[in-house]
Structures are given as structure tokens and as C-alpha cells.
Amino acid sequence: MVVHTQKDSLVQALSSKYKNDSIGFVPTMGALHQGHISLINKALSENEIVVVSIFVNPTQFNNASDLQKYPRTPQKDISLLETLNGEIILYLPEISDVYEDTVAAQNFNFGGLEFEMEGKHRQGHFDGVGTVVSKLFKIVKPTNAYFGEKDFQQLQIVKKLVEIENLPVNVVGCPILREENGLAMSSRNKRLSNQQFKDAATIYQVLKEVQAVFSDKSIAEINALVTERFLQNANLKLEYFEIANEDTLKTATTKKEGINYRAFIAVFAGEIRLIDNISLN
Ligand code: PAF
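Before going into details, it helps to say that this report is about the structure given with it. For every chain, the first residue of the written sequence is number 1, and numbering continues from 1 along that sequence. For this predicted model, a pLDDT threshold of at least 70 governs which residues receive local features, and a threshold of 80 or more governs which side-chain atom pairs are given and counted, while totals over whole chains, interfaces and linings are taken from all residues. Here the side-chain values reflect all heavy atoms present in the structure, with hydrogen atoms and water set aside.

Points about the overall build of the chain
(1) Moving on: Per the secondary structure count, the chain includes 11 helices and nine strands.
(2) Moving on: Computation of the radius of gyration draws on C-alpha atoms alone. For the globule rule, the value is 2.2 Å times the number of residues to the power 0.38. On C-alpha atoms alone, the chain measures out to a radius of gyration of 19 Å, which is about the 19 Å that the 2.2 N^0.38 rule sets for 281 residues.
(3) Moving on: Along the first, second and third principal axes, the C-alpha set of the chain runs to 60 × 40 × 35 Å.
(4) Moving on: Counting the 281 residues in the chain, one finds 54% classified as buried.
(5) Moving on: Long-range contacts, defined here as pairs at least 24 residues apart, represent 73% of the contacts in the chain between residues at least 6 apart. To qualify as a helix, a DSSP run of H or I must reach at least 4 residues; to qualify as a strand, a run of E must reach at least 2; elements of each kind are numbered from the N terminus. A simple rule labels every residue: compare its accessible area, found with a 1.4 Å probe on the protein chains alone, to the largest value its type can have, and call it buried under 20%, exposed over 50%, or partly exposed in between. We call two residues contacting when some pair of their heavy atoms lies within 4.5 Å.

Dropping the structure here:
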């Protein structure tokens, strides 16, 4: 596997050796887990060459301590990528290679998607995500780019970004991978204690319960049920639970025919923030 730490050499390699190839792209912030590996394997099966980026993007963190404590395991990540079958290029830049002189997020209008859920609770987060994904797309120029559905709102925002910037990229959403106890795989899980990891299984259990009762109960009843479930577990703090329209991400208060609904949740286990979601119909 070739590792590029500078965009110029990456662009040079892609535009010479791989100029007629379909390029798959998996942007990550590292601390790779099986969820990332499933995206990379899908990209490998659908493209001639796959670029993986590992870059902890400072402009998408609204909390300095979260940025500082975000797990960084580059040597382990490289070893893991080297076990995969297929041609992978790793882009592992420093902040200055991506942002040059100005480490700042651009302001985007994502048509309102950015003001829902994560947007309300992590001010500026999606401007940071949009900024870095736009920069990375312009460097890598992928044919297909792969994003996990765990960050479902991010996936919708990236699709919108491609539309507003008119980028020739096919954005592919991929299903959530889960630990044996149901917890959605995430790099942040590495920060959980054994007890927190066990407690966090409640998140998916509650989402499955919501999915099971969705057709029989009202949204108000479901919201109350979820609040109640988290009051029973002192080690988890519910930040938000919402049932929303899957396309607009607007909060739903009543169910309407012909709309796809999804339940979204954010929970703190100690200081570690976990998000998850599930399709309801
Ligand atoms: O989902 C992530 O890991 C990040 O938000 C992304 C898409 C790599 C942008 O920094």
C-alpha cells in the first residue's frame, strides 16, 4: 500500500497511473474498525483503485476536549489496511496539507438539513464536515464515495453537498455494522470502559423496541417510552431522541402515509457521545 502524506503527490499518482480507472473513496478519521473495513471492502469490489483518507478534521469538532481525545492509531490502521485484498492508496495528511494557511470552515446552506438533530447539538459541525469532504473530493476526484449510515444525517448532507457543488461523485450509503451486543461500531467506542460498553447496548435495544412498536403507538407515546427507558439506566444520559422524515430529517410529530421514517438518538456514556439510528418503515 502506498501512503501519501501530501495532496500534490496523491493527485499526481491518481492522474497518471490511475487516470482511466474508477476511483473508490472512503474518507475516515482513523481508529479504523470493522465498520470502516466493510466500506473499504465494498469500495474495493466496485472500483479499480480505492483511496482511504485518515484525517481528524479539526473544523468539525465543536468541543476541544473531544478533538483532543479522539482516538488516533495510525500505525495500527496502516497494518489493518495492509491485510486487505485489493489496491489501496492511503492519504494521511497533516492539517496544513488539507487547510494550507486557514484552518476554518466554510458556511454552507444544506437546505435546512444542517439545522436538525446533530446540527442543533453540535453547532457548526456540518460546516466542518462539508468543508473537509469538499476539499477531499476535489483532491481525490472519486467516482464513488462510501459513507456509513451510522452518521445518517452526515450521509444526507454529503449527498446535498455533491448536488450544490455539482461534483461528479456517486455517494454510496452503507449499512451500520454492530458489535455483538448491538452497539453501532464507532471509533469513539474505543474510549468506553467495559461497563460503559455493556451499558451502551441499551441504545440499540431501545431502537429495536421503537421499531417494533412504531406501527401501533403514536409518536408521542414512543417518545415517552424512550425517555422512560433511559431514566432506568443511570449510566446513560439521553441527549435527544427523534423520529424524523428520512429525506428532510424534519422531526415528525404524527405519522403520514408515503413517508419514510427513521429514529435518531444521541446518548452520553460518561463523557463519550454515541449516536445511532434505525429505519422504521
Ligand atoms: O465520518 C467521518 O469519519 C468524518 O465525519 C468524515 C466524513 C471523514 C469527515 O471528516
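Now that the structure has been shown, we can carry on.
Things to note about the pattern of salt bridges
(1) Moving on: Here a salt bridge means any side-chain nitrogen of Lys or Arg lying within 4 Å of a carboxyl oxygen belonging to Asp or Glu. Scanning all chains against the criterion turns up 18 salt bridges.
(2) Moving on: Arg191 is paired through a salt bridge with Asp66; the nearest N and O atoms lie 3.9 Å apart. With Arg191 in the loop between β6 (170–174) and α9 (194–199) and Asp66 in helix α3 (residues 64–69), the pair connects residues that are 125 residues apart, well separated along the chain.
(3) Moving on: Here Glu246 and Arg262 are joined by a salt bridge, their closest N and O atoms 3.0 Å apart.

Some points on the site of the ligand
(1) Moving on: Inspection of the region around the ligand gives Pro27, Thr28, Met29, Asn57, Gln60, Val132, Phe147 and Gln154 as its neighbouring residues.
(2) Moving on: In the model, an oxygen atom of the ligand is placed 2.6 Å from a nitrogen or oxygen of the Gln60 side chain.
(3) Moving on: About the coverage of the ligand: the protein hides 88% of its 290 Å² of free accessible area. One heavy atom suffices: a residue is near a molecule or strand as soon as one of its heavy atoms comes within 4 Å of it. Here a polar contact is taken to be a pair of N or O atoms separated by no more than 3.5 Å, where protein atoms must pair a possible hydrogen donor with a possible acceptor and residues adjacent in sequence count only if both atoms sit in side chains. Each accessible area is a Shrake-Rupley estimate made with a 1.4 Å probe; only the visible protein chains count as cover when residues are assessed.

Structural notes on helix α7 (residues 125–140)
The periodicity of an α-helix, 3.6 residues per turn, causes residues three or four places apart in sequence to face the same way.
(1) Moving on: The terminal C-alpha atoms of α7, which comprises 16 residues, lie 22 Å apart, in line with the 22 Å expected from a rise of 1.5 Å per residue.
(2) Moving on: By the criterion of burial, α7 is predominantly enclosed, with 14 of the 16 residues buried.
(3) Moving on: Directly after α7, the chain includes Lys141, whose backbone phi takes a positive value near 50°. How far a helix is expected to stretch is found by multiplying one less than its residue total by 1.5 Å.

Observations concerning the side chain of Thr131
(1) Moving on: Take Thr131: it is sitting in helix α7.
(2) Moving on: Owing to a relative accessible area of 3%, Thr131 belongs among the buried residues under this scheme.
(3) Moving on: Here Gln106 takes part through its backbone nitrogen, which lies 2.8 Å from a polar atom of the side chain of Thr131.
(4) Moving on: Residues within four places of Thr131 in sequence aside, it is in contact with Tyr99, Ala104, Ala105, Gln106 and Phe108.

Observations concerning the nonpolar core
(1) Moving on: Each nonpolar core is a collection of buried residues, namely Ala, Val, Leu, Ile, Met, Phe, Trp, Tyr and Cys, held together in the definition by side-chain atoms within 4.5 Å. Counting residues in each nonpolar core, the largest one holds 41 residues, and the members touching the most others are Leu14, Val51, Val133, Phe137, Val140 and Phe147.
(2) Moving on: Ranked by residues supplied to this core, first place goes to α7 with eight residues.
(3) Moving on: Not counting the four nearest positions on each side in its chain, Phe147 is found in contact with Pro27, Leu39, Val133, Phe137, Gln154, Leu155, Val158, Val171, Val172, Gly173 and Cys174.
(4) Moving on: Within the second largest apolar cluster, 27 residues are counted, among which are Leu236, Phe241, Ala263 and Ile272.

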